[in-house]
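Read off the chains here:
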Amino acid sequence: MRRYRRICALTVAIFLLGAVLHGCTGTAGFREYRKDIFALNTWVNIRIYAGKNGPDILDKAIKRIEEIENRMSVTIQDSDVSRINSNAGKQAVKVHDDTFAVIKKALEYAQISNGAFDITIYPIVKLWGITSEHPRVPADTEIQDKLKLVDYRNVVLDEEKKTVYLKEAGMGIDLGAIAKGYAADEVVRILKEEGVAHALINMGGNVIAMGGKPDGQPWKIGVQDPRSEGAQRHIAIIEVTDGSVVSSGDYERYMVDVYKKTGKRYHHIFDPSTGYPANSGLMATTVVASNSIDADALSTTVFIMGAEKGLEMVEGLEGVDAMAITFDKKIYASKGLKEKLVVTDKEYELQP
Amino acid sequence: MKMPMKIGDLAVYLFAVVLIAIGLMGVYAMGTQGGGKSVVVELDGREVYSCRIYKGMAPVEFRVDAGNGKYNVVSVTYEGVKVKEANCPDQVCVKSASIRYAGQAIVCLPHRVVVRITAGHEETPDVDDIAS
C-alpha cells in the first residue's frame, strides 16, 4: 500500500510541476483580458489584468471610446465637430464638455508651438484627401486659397456657454491629431475607477501603459521603424511605467501610387504655414508623456517643427520627452530620453 | 501487516510511472514546439483563425472572409507571415513586409482584419507593444 501511495504522490508532483512550467501562476484569479475594436478611424487594442469582471470593464471602456468618436469625428454627420464646421461663419455651436476640453487643449498647443499645431487645418486636409478614397496633389493656387482659412486664432470659445465658433465661412477643424490621445486618457481613467492596476492600450499606434507589467517590470514599448513598409517592427525600445508613447511619421498614411512613380511621399501631416505635407527633414517622431493627449498632440507638433525647434520646445515642457528620426536615420532625443532609449536597429544612430 | 514484495508488482508500478512521465513530457513538448509562436487572425476583434508556427512546418495558406465579398489571403511559413492577396482598396496589408517575430502585426483597416504573431509560454517578446 505504501508503494501505491508513493506512486500517487509522485504522479501529483509531476502534475504540479507541469502546471508550474506551463505558467499557471497569476495572482488570485487575475488574468489578462484583451479586446480589439475599430474606432476613431483606426485599430484599438486594450489589454487589462483583472478579475472575473474583466469583460465588463472592457465593455465600459469601449463604450466611452465610441462616445468620444461620435462627438469628435469629422466624418460623422451630427458630431460636435461636424456641427461646428457646418456653422462656420454663421453661429456658435453648443458642444459636449469633452469636445470643449479637447478643443481648448488643442488651442493651448497651437499657442505653445506658435501655430505649428493647428486644428483649423481641416480645409487643407480635405483638399488633399490623403486618407480618402481619392487622394490627389492639388494645384498650388488651390492650396493658397484654402490656406487663408487656416488660423487657430479664429476659433472662439465661450467657457460659460460651452460653445465653439469658427469666425470665417469655409473654416473647419479636425481633431484627428489629438482626439485619440484624449480617448486613451479617458480609458485610463475608467480602468483606474474599476480598480485595474496593470493595462496596456494601443490606439492606432498610440501606446498607453497603466502601471507596470503584473510582474512589476516596466512595459517595454517599441518605436516603430519608419521604413518597414507597413509591418510593425521596432528600431528602439523605451521602458514605461504609467505613461504614453506616441509616434507620428510620414510612413503612416501617404499616397502610395505617387510614391511608387515619383519617389515623393505625400503624407497626412500638414504644415499649417505652407499647406503642404510637413517637410522638416524628419521621417518620424516619438513623444513620451504622462498623459496621452499631450503625447498625441506633441508628436505631430514636433514632426512639423523639425528636430531642432521641436526638441527645444519639448525641453521646456515638464514631464515630456521626445525623439526625432531624420531621413539619414539619425535619432535626436531630448535629454531625459537619451538615457532611457535603447536603440535595437544598427542602421539607426542615436546622436550624443 | 507486511506483504512480501512481488517482483511483478514492482514492474507494474515502475511501468505506470514511466508511462505517466512520458505522457506528460509529450504534452509539454507539444505545447512548446518551435518556441510556441502562433499566428492569430482577428476579424473585427474576433479571433477567426489561429495556427502554430514551428520549424519544418508545411506552408499554410488561408482565406479570411471579411463579409460582402471582401477577403484577405494570408500565407504562413516558418520564415514569415504575409498577406498574399486582398481586394481592399488601399492594399496596405498586401504591401506590408512579412512579419516573423512575436508582437508584430499586419493590419487591414478597410477589412478590419488583424494578423498578429503571438508568443507562446516559453517565449517573451522583445517588446510588449509598438508605438507606430
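Residues numbered from 1 in each chain as written. Chains lettered and ligands numbered in written order. Predicted model: local features only at pLDDT ≥ 70, side-chain atom pairs only at ≥ 80, totals over all residues. Heavy atoms only, no water.

> Could you clarify how one ought to interpret the pairing of strand β5 (residues 80–86) of chain B in this entry?
Regular strands place their side chains on alternate faces of the sheet. All names here are of chain B. Pairing geometry for strand β4 (residues 71–77) and β5, over 6 bridges, is antiparallel. Each bridged residue has a counterpart across the sheet, and for Ser75 the counterpart in β5 is Lys82. Connecting β4 to the next strand, β5, in antiparallel fashion are 2 residues. (Pairing = 2+ DSSP bridges. Helix = DSSP H or I, 4+ residues; strand = E, 2+ residues; numbered from the N terminus.)

> Teacher, can you tell me more about the nonpolar core here?
The nonpolar side chains of a soluble globular protein tend to be buried, and buried together. Grouped together as the largest cluster of nonpolar side chains are 64 residues, with contacts concentrated most on Ile46(A), Ile48(A), Ile103(A), Leu175(A), Leu191(A) and Met203(A). When residues no more than four places from it in sequence are discounted, the contact partners of Ile103(A) are Ile84(A), Ile119(A), Val155(A), Leu157(A), Val164(A), Ile173(A) and Leu175(A). (Core = buried A, V, L, I, M, F, W, Y, C linked by side-chain atoms within 4.5 Å. Buried < 20%, exposed > 50% of the residue type's maximum accessible area, 1.4 Å probe, protein only. Contact = heavy atoms within 4.5 Å.)

> Sorry, what's going on with the side chain of Ser75(B) here?
Residue and element names in this part refer to chain B. Mapped onto the elements, Ser75 comes out in strand β4. The class of Ser75 is buried, set by a relative accessible area of 10%. Residues contacting Ser75, with those up to four places away along its chain left out, are Val60, Glu61, Gly80, Val81, Lys82 and Lys84.

> Before we go on, may I ask you to explain the interface of chain A and chain B in this structure?
How big an interface is tends to be reported as the loss of accessible area on association of its parts. On the side of chain B, 32 residues touch chain A, which itself brings 46 residues to the contact. When chain A packs against chain B, close to 3500 Å² is buried across both sides, 61% of that on carbon and sulfur atoms. Linking chain A to chain B there are 3 salt bridges. For Lys213(A), the salt bridge identified is with Asp128(B), shortest N-O distance 3.3 Å. The interface formed by chain A and chain B includes 10 residue pairs in polar contact (both at pLDDT 80 or more). Sorting the residues of the side of chain A that touches chain B by element identifies α1 (2–21), β1 (31–39), β2 (42–50), β6 (199–203), β8 (219–224), β9 (234–240), β10 (243–249) and α8 (256–262) of chain A as the ones contributing at least two each. In terms of residue count, α1(A) provides more of the side of chain A that touches chain B than any other element does, 8 residues in total. Pairing analysis gives 3 bridges linking β8(A) to strand β8 (residues 129–131) of chain B, with the strands arranged parallel. By the bridge assignment for β8(B), Ile221(A) is matched with Asp129(B). (Buried area = accessible area lost by both parts, 1.4 Å probe. Salt bridge = Lys/Arg side-chain N within 4 Å of Asp/Glu carboxyl O. Polar contact = N/O pair within 3.5 Å; in protein donor to acceptor, adjacent residues only side chain to side chain.)

> Is there a simple way to explain the pairing of strand β7 (residues 206–210) of chain A in this structure?
Residues and elements named next belong to chain A. When you tally the buried positions in β7, you get 5 out of 5 residues, the bulk of the element. Neither face of β7 is open: one carries Asn206, Ile208 and Met210, the other Val207 and Ala209, and all of them are buried. Bridge count between β6 and β7: 5 bridges; the pairing is antiparallel. By the bridge assignment, Met203 is partnered in β7 with Asn206. Between β6 and the antiparallel strand that follows it, β7, lie 2 residues; Gly204 among them carries a positive phi value of about 55 degrees. One ladder, built from 3 bridges, connects β7 with β10; its direction is antiparallel. When the bridges of β10 are listed, Val207 appears paired with Val245.

> How should I be thinking about the packing of aromatic side chains in this particular structure?
Pairs of aromatic rings are described using the distance from one ring centre to the other and the angle between the two planes. Residues and elements named next belong to chain A. Counted under the stated rule, the structure contains 6 aromatic pairs over all chains. When the centroid spacing of 5.7 Å and the interplanar angle of 75 degrees are considered together, the rings of Trp128 and Tyr276 count as edge-to-face. Here Trp128 is found in helix α5 (residues 122–128), whereas its partner Tyr276 is found in the loop between α8 and β11 (282–289), with 148 residues between them in sequence. Site record: aromatic cluster; members linked through ring pairs are Trp128, Tyr266, Phe270 and Tyr276. One Lys or Arg, Lys162, reaches over the ring of Phe100 and ends 5.4 Å from the middle of that ring. Over the face of the ring belonging to Tyr254 we find Arg265, whose NZ or CZ atom lies 4.5 Å from the ring centre. (Phe/Tyr/Trp six-rings, centres within 6.5 Å; stacked < 30°, edge-to-face > 60°. Lys NZ or Arg CZ within 6 Å of the ring centre and 35° of its normal.)

> Please clarify how the sheet that holds strand β7 (residues 113–118) of chain B should be interpreted in this entry.
Hydrogen bonds along the backbone pair up the strands of a sheet, which may run parallel or antiparallel. All names here are of chain B. Spatially, the 4 strands line up as an open sheet ordered β2-β1-β7-β6, and their pairing is antiparallel. Two strands close off the open sheet at either side, each with one partner strand: β2 (46–53) and β6 (105–108). Averaged over all pairs of adjacent strands, the angle between their axes in this sheet comes to 15 degrees, without regard to strand direction. With 7 bridges joining them, strand β1 (residues 37–43) and β2 adopt antiparallel strand pairing. Note that in β2 the partner of Ser38 across the bridge is Arg52. (Axes fitted to C-alpha atoms, helices over the stretch in contact; angles between N-to-C directions.)

> Which parts of the structure should I look at to understand the packing of helix α2 (residues 54–72) of chain A against helix α4 (residues 97–112) of chain A?
When two helices pack together, their arrangement is captured by the angle between the axes and the distance separating the axes. Residues and elements named next belong to chain A. Here α2 crosses α4 at 70 degrees, and the two axes come no closer than 10 Å. Looking at the two axes, α2 sits roughly perpendicular to α4. α2 and α4 meet at a crossing whose hand is right-handed. Across from Arg64, Ile68, Arg71 and Met72 in α2, the residues of α4 making contact are Asp98, Thr99 and Val102. (Parallel < 35°, antiparallel > 145°, perpendicular 65-115°, else oblique. Left-handed = near helix turned anticlockwise from the far one by under 90°.)

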